[in-house]
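Chain by chain, the residues:
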Amino acid sequence: DGGITQSPKYLFRKEGQNVTLSCEQNLNHDAMYWYRQDPGQGLRLIYYSQIVNDFQKGDIAEGYSVSREKKESFPLTVTSAQKNPTAFYLCASRPGQESYEQYFGPGTRLTVT
Amino acid sequence: QKEVEQNSGPLSVPEGAIASLNCTYSDRGSQSFFWYRQYSGKSPELIMSIYSNGDKEDGRFTAQLNKASQYVSLLIRDSQPSDSATYLCAVKGRGSARQLTFGSGTQLTVLP
């Protein structure tokens, strides 16, 4: 099955701990994205990557870090510097240079206490 | 002014009615427009894309685009309870990286 997978589905951490969220795709998509969604709000872009070994900050990158060592993988680390990390995190990918639509993974719900 | 604005709702329609969801955007140079459906607790699912002025139909869904008025809408005909979800409007504006800007979504409830 082709698709985007995110793991884990639910994640609980104590304040002050770094945590890494996984995102993998086997669609051969070039670009990958990380969004954050808070209750009743739209999606806010954290980081995106258009090619391997390259990524750019989105609108709310502070307190987050990413890597893109393989085309299939785009992990997101939520660091202790992120002041309000509890949220629903969504990974998305886009097929190629000529398409704009993005497709989402199932998401990871992170709770930090 | 938000870049992409949607009425947050909730919007309630009876089963079988037409649901009309609206979205306005601020970047006049925007090129591509998308509607996503998001069920509670789930991730967004792409249901429609539209690039040119006018209507685009796909089954019970019709997307309408008016670039002069900077307005895009989604009509759902013969609404079903299973259509109850939050609908997100996404816009690809001018600029690089093919990023999308999302509205905050309209919550739709279809009443049996």
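Above: the structure in question.
Residues numbered from 1 in each chain as written. Chains lettered and ligands numbered in written order. Predicted model: local features only at pLDDT ≥ 70, side-chain atom pairs only at ≥ 80, totals over all residues. Heavy atoms only, no water.

Things to note about the sheet that holds strand E8 (residues 76-78) of chain A
The strands making up a sheet associate through hydrogen bonds between their backbones, and the pairing can be parallel or antiparallel.
Residues and elements named next belong to chain A.
Thinking step 1. Strand order in the open sheet formed by 4 strands is E1-E3-E8-E7, with antiparallel pairing between adjacent strands. Single-partner strands in this sheet number two, and they are strand E1 (4-7) and strand E7 (64-66). Strand-to-strand twist of the sheet, defined as the mean angle between neighbouring strand axes without regard to direction, takes the value 20 degrees.
Thinking step 2. Pairing analysis gives 3 bridges linking E7 to E8, with the strands arranged antiparallel. Note on E8: the bridge partner recorded for Val-66 is Leu-76. (Pairing = 2+ DSSP bridges. Helix = DSSP H or I, 4+ residues; strand = E, 2+ residues; numbered from the N terminus. Axes fitted to C-alpha atoms, helices over the stretch in contact; angles between N-to-C directions.)

A look at the pattern of salt bridges
Residue and element names in this part refer to chain B.
Thinking step 1. Considering all chains together, one arrives at 6 salt bridges over all chains under this definition.
Thinking step 2. Among the ionic pairs, Glu-57 bridges to Arg-77, the shortest N-O distance being 3.4 Å. Here Glu-57, found in strand E6 (residues 54-58), pairs with Arg-77, found in the loop between strand E8 (71-76) and strand E9 (85-92); they are 20 residues apart in sequence, far enough to count as distant.
Thinking step 3. Accessibility expressed as a relative area gives 60% for Glu-57, which makes it exposed. (Salt bridge = Lys/Arg side-chain N within 4 Å of Asp/Glu carboxyl O. Buried < 20%, exposed > 50% of the residue type's maximum accessible area, 1.4 Å probe, protein only.)

Overview of the interface of chain A and chain B
Thinking step 1. Contacts between the two partners involve 24 residues from chain A and, on the opposite side, 20 residues from chain B.
Thinking step 2. Counting the surface lost from both chain A and chain B, the interface buries some 1,700 Å², and carbon and sulfur atoms represent 54% of this.
Thinking step 3. When the buried surface of chain A facing chain B is broken down by residue, Leu-43, Tyr-100 and Phe-104 of chain A rank first, second and third, together holding 32% of it.
Thinking step 4. The interface formed by chain A and chain B contains 0 salt bridges.
Thinking step 5. If you look at where chain A meets chain B, you find 5 residue pairs in polar contact (both at pLDDT 80 or more).
Thinking step 6. Sorting elements by how many residues they give to the side of chain A that touches chain B places strand E5 (residues 43-51) of chain A first, with 4 residues. (Contact = heavy atoms within 4.5 Å. Buried area = accessible area lost by both parts, 1.4 Å probe. Polar contact = N/O pair within 3.5 Å; in protein donor to acceptor, adjacent residues only side chain to side chain.)

Structural notes on the side chain of Thr-77 of chain A
All names here are of chain A.
Thinking step 1. Locating Thr-77 in the fold gives a position in strand E8.
Thinking step 2. Accessibility expressed as a relative area gives 19% for Thr-77, which makes it buried.
Thinking step 3. In terms of polar contacts, Thr-77 uses its side chain to reach the side chain of Thr-20, at 2.9 Å.
Thinking step 4. Apart from the residues within four sequence positions on either side, Thr-77 is in contact with Asn-18, Val-19, Thr-20, Gly-63, Tyr-64 and Ser-65.

Points about the state of the cysteines
All names here are of chain A.
Thinking step 1. Applying the stated criterion to the full structure yields 2 disulfides over all chains.
Thinking step 2. Paired by a disulfide, Cys-23 and Cys-91 hold their sulfur atoms 1.9 Å apart. Disulfide Cys-23 to Cys-91: torsion about the S-S bond roughly -70 degrees, handedness left-handed. A residue pair is termed long-range when its members are at least 10 positions apart, and Cys-23 in strand E3 (residues 19-25) and Cys-91 in strand E9 (residues 87-94) qualify at 68 residues. (Disulfide = S-S within 2.5 Å.)

Focus: the nonpolar core
Thinking step 1. Judged by nonpolar contacts, the single largest core of 23 residues is most densely connected at Trp-35, Val-72, Leu-74, Ile-76 and Tyr-87 of chain B.
Thinking step 2. Secondary-structure elements contributing two or more residues to this core are strand E3 (19-25), strand E4 (32-38), strand E5 (45-50), strand E7 (61-66), E8, E9 and strand E11 (106-111) of chain B.
Thinking step 3. One finds Ile-4, Tyr-47, Leu-76 and Val-78 of chain A within the second-largest nonpolar core, a separate group that totals 20 residues. (Core = buried A, V, L, I, M, F, W, Y, C linked by side-chain atoms within 4.5 Å.)

Side note on the sheet that holds E6 of chain B
Residues and elements named next belong to chain B.
Thinking step 1. Taken in spatial order, the 5 strands make up an open sheet running E1-E3-E8-E7-E6, and their pairing is antiparallel. Single-partner strands in this sheet number two, and they are strand E1 (4-6) and E6. Sheet twist, expressed as the average angle between the axes of neighbouring strands with direction ignored, equals 20 degrees.
Thinking step 2. When E3 meets E8, the two strands line up antiparallel, connected through 6 bridges. Considered in E8, the bridge of Ser-20 is made with Leu-75.

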